[in-house]
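Okay, here's what each chain looks like letter by letter:
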Amino acid sequence: MAKKSNWSCVRLTVILYVYAATVAVTARVLPSADIYDTSKYGILELENGLAQTPQMGWNSWNFFRCKTDEKVIRETADALVTTGLAKLGYVYVTIDDCWSGLERNSEGDMVPDSKAFPSGIKALADYVHSKGLKIGIYSDAGLYTCQLRPGSLKHENDDASLFASWGIDYLKYDNCFNLGIDPKERFSLMRDALNATGRTIFYSLCEWGLDDPALWAGKIGNSWRTTDDIKDTWESMTGIADINDKWAAYAGPGGWNDPDMLEVGNGGMTYQEYRSHFSIWALMKAPLIIGCDVRNMTAETYEILANEEVISVNQDPLGVQGTKVHAYGPDGCYQIWAGPLSRKRTVTVLWNRCSKAATITAEWDTMGLESSTNASVRDLWKHEYVSLSSTKSFSAKVEAHASEMYVLAPAASEAA
Ligand SMILES: *[C@@H]1O[C@H](CO)[C@@H](O)[C@H](O)[C@H]1NC(C)=O
Ligand SMILES: *[C@@H]1O[C@H](CO)[C@@H](O)[C@H](O)[C@H]1NC(C)=O
Ligand SMILES: *[C@@H]1O[C@H](CO)[C@@H](O)[C@H](O)[C@H]1NC(C)=O
């Protein structure tokens, strides 16, 4: 008897759990097209109220590496405002590794490197806040950071309190020297420490995708790296896009897959390659974290980073990560990436990963649309409608390594 009632209790619990999960998922307005797997959408989200759309900002690492200092951070904050990038949403200014001195002080606190940050982080945070921006900092879920500064493992509460007392808004938390301790454990300790400060702090996990964080990190952080560090090359960028694509079903408001920061403007790729990088990152609902020297951008770099129409795809309130829906041609290098947007619209990127120009065709049904759907097609790089009435498919000539990006809006919904 006892055994039997135990089992029914387990069964009831399972049924209730499944029911609750189903209600949680269907409560969001999701696209009906079944080519996009949104079954895991938003169900794991960390409840700190942040990351309703992917985070946007700037980080010191990709361009400055360890050669960062308070002057660079101040001038970057100034430049984000004067260029207008801040107004477009790039608000988090994050100091990556090397802000800290090599040792903790006698009280066991981290101390800013006295040469690079002589005024301290609190003063810098005040400056960044005075510009209407937010400030991010970096630490590590291990004994040391990757550049051998003190890590936060076993110091989570002290370090989180210190960050909160400085007015920090964002923590990037790395994975070096981790003693082989389970990342779920290490990254959860800092989540709880941040929460206990009472200050709302964006929590960006940098676990390099080693233990498939998309499967567990949604309850721990607001974003989680799905891959190793990006390099400023075409091979690295395309490879990372493909890896990040596999985890699309797990992204949603509250928690995003992070294929690493942008290399746009750092010189290792062509204009067309950087445009592809930015288009695909936006479509994948990746965090848009600029990694170049914004004090000294070329007009081309600025044109890419400041494309409002592409940014609004990234920040669309539906928050569904677009995916690679079709690849054909030599080695599958003619690619169609697409995803649903709010108001029944669809974003599509025609990405030519071949080394020669080609005409790429996107069929409506590969993007989850009825082939009879009559849609307008807006080119997000030319900033114009290329068609007000298209059905079945759409083609465009795409240069080698380039991308063309469009929003398809069904005739009826555009007016709505
Ligand atoms: C701490 O966590 C609780 C429960 O998840 C949440 O409701 C609260 O908003 C969090 N507080 C902060 C400051 O993140
Ligand atoms: C600005 O960028 C250009 C390359 O685009 C570089 O040659 C130049 O040295 C940079 N200037 C400064 C002050 O960093
Ligand atoms: C598609 O919609 C446009 C705009 O509403 C309309 O002008 C056009 O006639 C429609 N085309 C078809 C084939 O229904």
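One can find the structure itself at the top, above this paragraph.
This report concerns the structure included in the present document. (Residues numbered from 1 in each chain as written. Chains lettered and ligands numbered in written order. Predicted model: local features only at pLDDT ≥ 70, side-chain atom pairs only at ≥ 80, totals over all residues. Heavy atoms only, no water.)

**Quick notes on the site of ligand 1**
Contacts to ligand 1 come from Glu47, Asn48, Asn195, Gly198 and Arg199. Contact distances for ligand 1 include 3.3 Å between an oxygen atom and a side-chain N or O atom of Glu47. With respect to ligand 1, the side chain of Asn195 contributes an N or O atom lying 2.3 Å from an oxygen atom. Here ligand 1 has 360 Å² of accessible area as a free molecule, and 53% of this is covered by the chains. (Near = heavy atom within 4 Å. Polar contact = N/O pair within 3.5 Å; in protein donor to acceptor, adjacent residues only side chain to side chain. Areas by Shrake-Rupley, 256 points an atom, 1.4 Å probe, with all protein chains shown as cover.)

**Comments concerning the pairing of strand 4 (residues 170-174)**
Within strand 4, 5 of the 5 residues are buried, leaving the element largely enclosed by the surrounding structure. What you see with strand 4 is no split at all: Tyr170, Lys172 and Asp174 on one side and Leu171 and Tyr173 on the other are buried throughout. Judged from the 5 bridges that link them, strand 3 (residues 134-140) and strand 4 form a sheet pairing that is parallel. Each bridged residue has a counterpart across the sheet, and for Gly136 the counterpart in strand 4 is Tyr170. (Buried < 20%, exposed > 50% of the residue type's maximum accessible area, 1.4 Å probe, protein only. Helix = DSSP H or I, 4+ residues; strand = E, 2+ residues; numbered from the N terminus. Pairing = 2+ DSSP bridges.)

**Overview of the state of the cysteines**
Applying the stated rule across the entire model yields 3 disulfides. Linked covalently through their sulfurs, Cys66 and Cys98 form a disulfide whose S-S length is 1.7 Å. On the sign convention where negative means left-handed, the S-S torsion of about -85° between Cys66 and Cys98 marks this disulfide as left-handed. Taken together, the positions of Cys66 in the loop between helix 2 (61-64) and helix 3 (70-82) and Cys98 in the loop between strand 2 (92-94) and helix 4 (120-130) put the pair 32 residues apart, joining distant regions of the chain. A relative accessible area of 29% places Cys66 in the partly exposed class. (Disulfide = S-S within 2.5 Å.)

**Observations concerning the nonpolar core**
Counting 85 residues, the largest nonpolar core has Tyr90, Trp99, Phe278, Trp281, Leu305 and Met405 as the members making the most contacts within it. What Met405 contacts, discounting residues up to four positions off in sequence, is Ser279, Ala282, Leu283, Val310, Val313, Val347, Thr348, Val349, Arg378, Asp379, Leu380 and Trp381. Within the second largest apolar cluster, 21 residues are counted, among which are Cys333, Ala358, Phe394 and Tyr406. (Core = buried A, V, L, I, M, F, W, Y, C linked by side-chain atoms within 4.5 Å. Contact = heavy atoms within 4.5 Å.)

**As for the pairing of strand 16 (residues 403-410)**
With 8 of its 8 residues buried, strand 16 lies for the most part within the structure. Of the two faces of strand 16, the one lined by Ser403, Met405, Val407 and Ala409 and the one lined by Glu404, Tyr406, Leu408 and Pro410 are each fully buried. The sheet contact formed by strand 13 (residues 375-379) and strand 16 spans 5 bridges and is antiparallel. Paired with Asp379 across the bridge in strand 16 is Tyr406.

**What to know about the packing of helix 3 against helix 4**
At a minimum axis distance of 10 Å, the contact between helix 3 and helix 4 shows a crossing angle of 10°. Taken as axis vectors, helix 3 and helix 4 run roughly parallel relative to one another. Taken together, the residues of helix 4 that come into contact with helix 3 (itself represented by Glu70, Ile73, Arg74, Ala77 and Asp78) are Gly120, Leu124, Tyr127 and Val128. Each residue belonging to the contact of helix 3 with helix 4 can be placed in one class, and the counts come to 5 nonpolar, 1 polar and 3 charged. (Axes fitted to C-alpha atoms, helices over the stretch in contact; angles between N-to-C directions. Parallel < 35°, antiparallel > 145°, perpendicular 65-115°, else oblique. Nonpolar A, V, L, I, M, F, W, Y, C, P; charged D, E, K, R; others polar.)

**Brief notes about the sheet that holds strand 8 (residues 288-290)**
The strand order across the open sheet built from 8 strands is 7-6-5-4-3-2-1-8, with neighbouring strands paired in parallel fashion. The sheet is open, and its two borders are formed by strand 7 (256-258) and strand 8, each paired with just one other strand. Neighbour to neighbour, the strand axes of the sheet diverge by 25° on average, direction disregarded. Sitting on the sheet, helix 4 is in contact with strand 2 and strand 3, with an inclination near 145° to strand 3.

**A closer look at the packing of aromatic side chains**
Following the criterion strictly, the structure yields 16 aromatic pairs and no others. A ring pair is formed by Trp99 and Phe163, whose centres lie 6.2 Å apart and whose planes are at 75°; its orientation type is edge-to-face. Residue Trp99 is found in the loop between strand 2 and helix 4, and its partner Phe163 is found in helix 5 (residues 156-166); the two are separated by 64 residues along the sequence. Phe163 carries the same exposure label as Trp99, and that label is buried. A network of ring pairs unites the aromatic residues Trp58, Phe63 and Phe64 as a single cluster. Above the plane of the ring of Tyr385 lies Arg378, whose end atom (NZ or CZ) is 5.0 Å from the centre. (Phe/Tyr/Trp six-rings, centres within 6.5 Å; stacked < 30°, edge-to-face > 60°. Lys NZ or Arg CZ within 6 Å of the ring centre and 35° of its normal.)

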